[in-house]
Amino acid sequence: PEANLLLGAETNQGFCGRTVEVDGERFLFYTQAERGHGSDFGSISRPLVLRTATGGRLQACWSARVDPSLRETLLENLDAPLLPSPAAGGSRGTWVQRGSELQATATRDWAVRIYERPAEDFCLETEVTIDDARGAGLVIRLQGDSVFAGAWAVLLDAEAGEVVVTQLPTFPRIETRRWTICRRQAHHLKVTAVDGFVNVFVDDALAIQFHGTAFRRGRLGLYIEQGSATFSSLRARRLG
């Protein structure tokens, strides 16, 4: 069948899945690869609850059993303190706050909005509605105070129909996954990062998992490319 991946990656990023039933729900665990440490062996993932999507397709989803591991709030407001403008890359873009929403626009290029407080292990999430932009998403673990020092970007690419993990400012292909990204419809984008393990959830379904050793700590932010999108309900919490 089409879109038949339960857990997948373009590189060696996860294997040996096993399920267990607890209190009437079935959970998936898998081995997280740690190739960056010189070995293909890794640690066991946090639990993912297995759900059945429309059409009968199985999905690995965020489990509420992980919520007790979410600790103090690191970032809670779209208007939290920002880095000064030198942190911007691509075009400057425009970021307009309207109540609880932030309208982001980059006419020809891409732009970022970076928050001042750094984070190490965290869960970062937002509601993002892509209006006419090519894509929009989150920036994690920005090094220093400039995109030119490096960061990961987790993007919903509406034009390509993909979830993308790439690196600023050079945009190499790190991980991608085909996904239905609907314009003018809110998607819940959630990223967890603990040590080198990064998981990307779209509407609570696991889209991408990967292990990367380039960045272990850094600042968080928002990303917009070639058009407009709206962000709301931004929150980051430390993940124990």
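Novice: Give a description of the overall build of the protein chain that names residues and reports values.
Specialist: Within the protein chain, the regular secondary structure consists of zero helices and 17 strands. Its C-alpha radius of gyration of 17 Å places the protein chain within 12% of the 18 Å reference for a compact globule of 240 residues. Judged by the C-alpha coordinates and their principal axes, the protein chain covers about 50 × 40 × 30 Å. Restricting to contacts in the protein chain with at least 6 residues of sequence separation, those with at least 24 account for 61%. Just so you have it, the protein chain exposes about 11,100 Å², and 46% of that area is on carbon and sulfur atoms. A distance of 1 Å separates the average location of the 27 positive side-chain charges in the protein chain from that of its 29 negative side-chain charges.

Novice: Provide a residue-level description of the confidence of the model for the protein chain, including the pertinent values.
Specialist: For the protein chain, mean pLDDT is 90; residues scoring 70 or higher make up 93% of the total. By mean pLDDT, the top-scoring element of the protein chain is strand β9 (residues 122-130) (97), and the lowest-scoring one is strand β3 (residues 43-44) (84).

Novice: Which residues make up the nonpolar core, and what values do they have?
Specialist: Nonpolar side chains tend toward joint burial in soluble globular proteins. L124, V163, L222, I224 and F231 are the most contacted members of the largest nonpolar core, which has 48 residues in total. At seven residues, the largest contribution of residues to this core is made by strand β17 (residues 218-239). Among all residues touching L124, those that are not within four sequence positions of it are L75, L138, V139, I140, L189, K190, V191, L220, L234, R235 and A236. Counting residues in hydrophobic clusters, the runner-up holds 13 residues, among them V112, I114, V164 and Y223.

Novice: Lay out the pairing of strand β7 (residues 94-98) with the relevant residues and their values.
Specialist: By the bridge criterion, five bridges tie β7 to strand β8 (residues 101-119) in an arrangement that is antiparallel. Across the sheet, Q97 pairs through a bridge with L102, a residue of β8. Adjacent in sequence and paired antiparallel, β7 and β8 are bridged by two residues, among which G99 carries a positive phi angle near 65°.

Novice: Got a sec to walk through unusual backbone geometry? Specific residues and values, please.
Specialist: Cis geometry marks the peptide bond from L168 to P169; its omega dihedral reads 0°. The residue P169 is located in the loop between β12 (162-168) and β13 (175-178) in this model. Located in the positive-phi region is D203, a residue other than glycine, with phi close to 50°. Relative to the helices and strands, D203 is located in the loop between β15 (197-202) and β16 (205-211). What makes D203 partly exposed here is its relative accessible area of 39%.

Novice: Can you lay out the pattern of salt bridges for me, pointing to particular residues and giving the numbers?
Specialist: Applying the stated criterion across every chain, the model contains 11 salt bridges. The residue E125 makes a salt bridge to R235 at a minimum N-O spacing of 3.8 Å. Highlighted residues: E125 in strand β9 and R235 in strand β17, separated in sequence by 110 residues. Members of the salt-bridge network, linked through shared partners, are E125, K190, D204, R235 and R237.

Novice: Please set out the pairing of β8 residue by residue, giving values where relevant.
Specialist: Summarising the sheet, β8 and β17 pair through 13 bridges and their orientation is antiparallel. Its bridge partner lying in β17, Q103 is registered against T230.

Novice: Could you give me a rundown of the environment of F15, with the residues and numbers involved?
Specialist: Here F15 is to be found in strand β1 (residues 15-22). A relative accessible area of 27% means that F15 is categorised as partly exposed. A C-alpha to C-alpha distance of 26 Å links F15 and E125, two positions 110 residues apart in sequence.

Novice: Could you give an account of the packing of aromatic side chains, naming the residues involved and the relevant values?
Specialist: Going through the model one piece at a time under the given rule, you end up with seven aromatic pairs. A centroid spacing of 5.9 Å and a plane angle of 15° characterise the contact between W110 and Y223, whose relative ring orientation is stacked. A residue pair is termed long-range when its members are at least 10 positions apart, and W110 in strand β8 and Y223 in strand β17 qualify at 113 residues. Judged by its relative accessible area of 10%, W110 is buried. Since its relative accessible area comes to 0%, Y223 is described here as buried. Feature note: the residues W110, F171 and Y223 constitute an aromatic cluster, connected by ring pairs. The lysine or arginine in question, K190, covers the ring of W62, its NZ or CZ lying 3.9 Å from the ring centre.

Definitions and cut-offs
Residues numbered from 1 in each chain as written. Predicted model: local features only at pLDDT ≥ 70, side-chain atom pairs only at ≥ 80, totals over all residues. Heavy atoms only, no water. Helix = DSSP H or I, 4+ residues; strand = E, 2+ residues; numbered from the N terminus. Rg over C-alpha atoms; globule rule 2.2 N^0.38 Å. Contact = heavy atoms within 4.5 Å. Areas by Shrake-Rupley, 256 points an atom, 1.4 Å probe, with all protein chains shown as cover. Lys, Arg positive; Asp, Glu negative; His and termini not counted. Charge placed at Lys NZ, Arg CZ, Asp CG, Glu CD. pLDDT = per-residue confidence, 0-100. Core = buried A, V, L, I, M, F, W, Y, C linked by side-chain atoms within 4.5 Å. Buried < 20%, exposed > 50% of the residue type's maximum accessible area, 1.4 Å probe, protein only. Pairing = 2+ DSSP bridges. Salt bridge = Lys/Arg side-chain N within 4 Å of Asp/Glu carboxyl O. Phe/Tyr/Trp six-rings, centres within 6.5 Å; stacked < 30°, edge-to-face > 60°. Lys NZ or Arg CZ within 6 Å of the ring centre and 35° of its normal.

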